Amino acid sequence: MSDEVAIEHAEGHVEEPEPEAPALDELAVVMAERDEYLALAQRVQADFDNYRKRAAREQERLVAHAHERLVRDLLPVLDDLERALEAAERHEEAALVDGVRLVQQSLRGALEKEGLSEIPTDGAFDPHVHEAMLSRPDDGAEPGAVLEVVQRGYRLGDRVVRPARVIVAAGEE
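Not measured: the values here are computed from a predicted model.

A. The layout of surface pockets, seen in detail. Quantified by volume, the largest pocket comes out at close to 250 Å³. Surrounding the largest pocket, D79, E82, R83, L85, E86, Q104, V149, V150, Q151 and R152 form its lining. Those elements that provide at least two residues to the lining of the largest pocket are α1 (21-90) and β5 (146-151). For the lining of the largest pocket, the residue count by class is 3 nonpolar, 2 polar and 5 charged.

Here it is in structure tokens:
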């Protein structure tokens, strides 16, 4: 504070000395610094919030990638079980068929629980979800219609994990 001493008037009240101009300047500087620090703290907080959100999105992406890898690794097992069922039905071994069918249903249920769904193959060929293995003429079908499924296709959520491999009706030449 200043070296001035408060002056006491005869009425008994004390008069405070007027603040000096340098003290007001110092106060303004301190307030400006305070505002700078507050703005800096707000920016740091916003940056941290953005970082936290980015990290959460990245974590979700990694988890989705891990699920996709797992499903892709299990799809050949599902294919093998389906081929075994087809072969067993031709040999009329009902017990084997029932056992393999239970394994297939269990595996399919586990994959569906992880978000796997089969790509529909009825109707027209869709290059986004189908892979044409070959085309052949068929009088009873419209050109571009799926005639036969060579290998089922699957989605995991909204992503195609494996396109359905199909035979497509050829157009007239």
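B. Structural context of the pattern of salt bridges. The full count for this structure, using the stated rule, is 12 salt bridges. When the shortest N-O distance is used, the salt bridge between E82 and R108 registers 2.6 Å. With E82 in helix α1 and R108 in helix α2 (residues 94-113), the pair connects residues that are 26 residues apart, well separated along the chain. Each member of the pair, E82 together with R108, is buried. The shortest N-O distance in the salt bridge between E148 and R136 comes to 3.5 Å.

C. Layout of the sheet that holds strand β3 (residues 116-118). Reading across the sheet, the 3 strands line up as β3-β6-β7 and stay open at both edges, with antiparallel pairing between neighbours. The open sheet has two edge strands, β3 and β7 (159-162), and neither has a second partner. When strand polarity is set aside, the average angle formed by the axes of neighbouring strands in this sheet is 35 degrees. Inspection of the sheet shows strand β6 (residues 154-156) paired to β7 by 3 bridges, in the antiparallel sense. Following the sheet pairing, R155 is matched in β7 by V160.

D. A look at the sheet that holds strand β4 (residues 130-136). Here 3 strands make up an open sheet; going across it, the order is β4-β8-β5 and the pairing mixed. Because the sheet does not close on itself, it has two edges, and the strands there are β4 and β5. Across the sheet, the mean angle from the axis of one strand to that of its neighbour is 30 degrees, orientation sign disregarded. Across 6 bridges, β4 lies against strand β8 (residues 164-169) in parallel orientation. Pairing of R136 across the sheet is with A169, part of β8.

E. Geometry of the environment of L74. One can find L74 in helix α1. Take L74: its relative accessible area is 26%, and that puts it in the partly exposed class. When the C-alpha positions of L74 and L111 are compared, they lie 8.4 Å apart, and in sequence the two are 37 residues distant. Beyond its immediate chain neighbours, meaning those up to four positions away, L74 contacts L107 and L111.

Definitions and cut-offs
- Residues numbered from 1 in each chain as written.
- Predicted model: local features only at pLDDT ≥ 70, side-chain atom pairs only at ≥ 80, totals over all residues.
- Heavy atoms only, no water.
- 1 Å grid on protein atoms, 1.4 Å probe; cavity = no way out; pocket = protein on both sides within 12 Å on 5 of 7 lines; lining within 4 Å.
- Points joined across faces, edges and corners; volume = space filled by probe spheres on them.
- Helix = DSSP H or I, 4+ residues; strand = E, 2+ residues; numbered from the N terminus.
- Nonpolar A, V, L, I, M, F, W, Y, C, P; charged D, E, K, R; others polar.
- Salt bridge = Lys/Arg side-chain N within 4 Å of Asp/Glu carboxyl O.
- Buried < 20%, exposed > 50% of the residue type's maximum accessible area, 1.4 Å probe, protein only.
- Pairing = 2+ DSSP bridges.
- Axes fitted to C-alpha atoms, helices over the stretch in contact; angles between N-to-C directions.
- Contact = heavy atoms within 4.5 Å.

The quantities given are spatial measurements derived from coordinates; they are silent on function.
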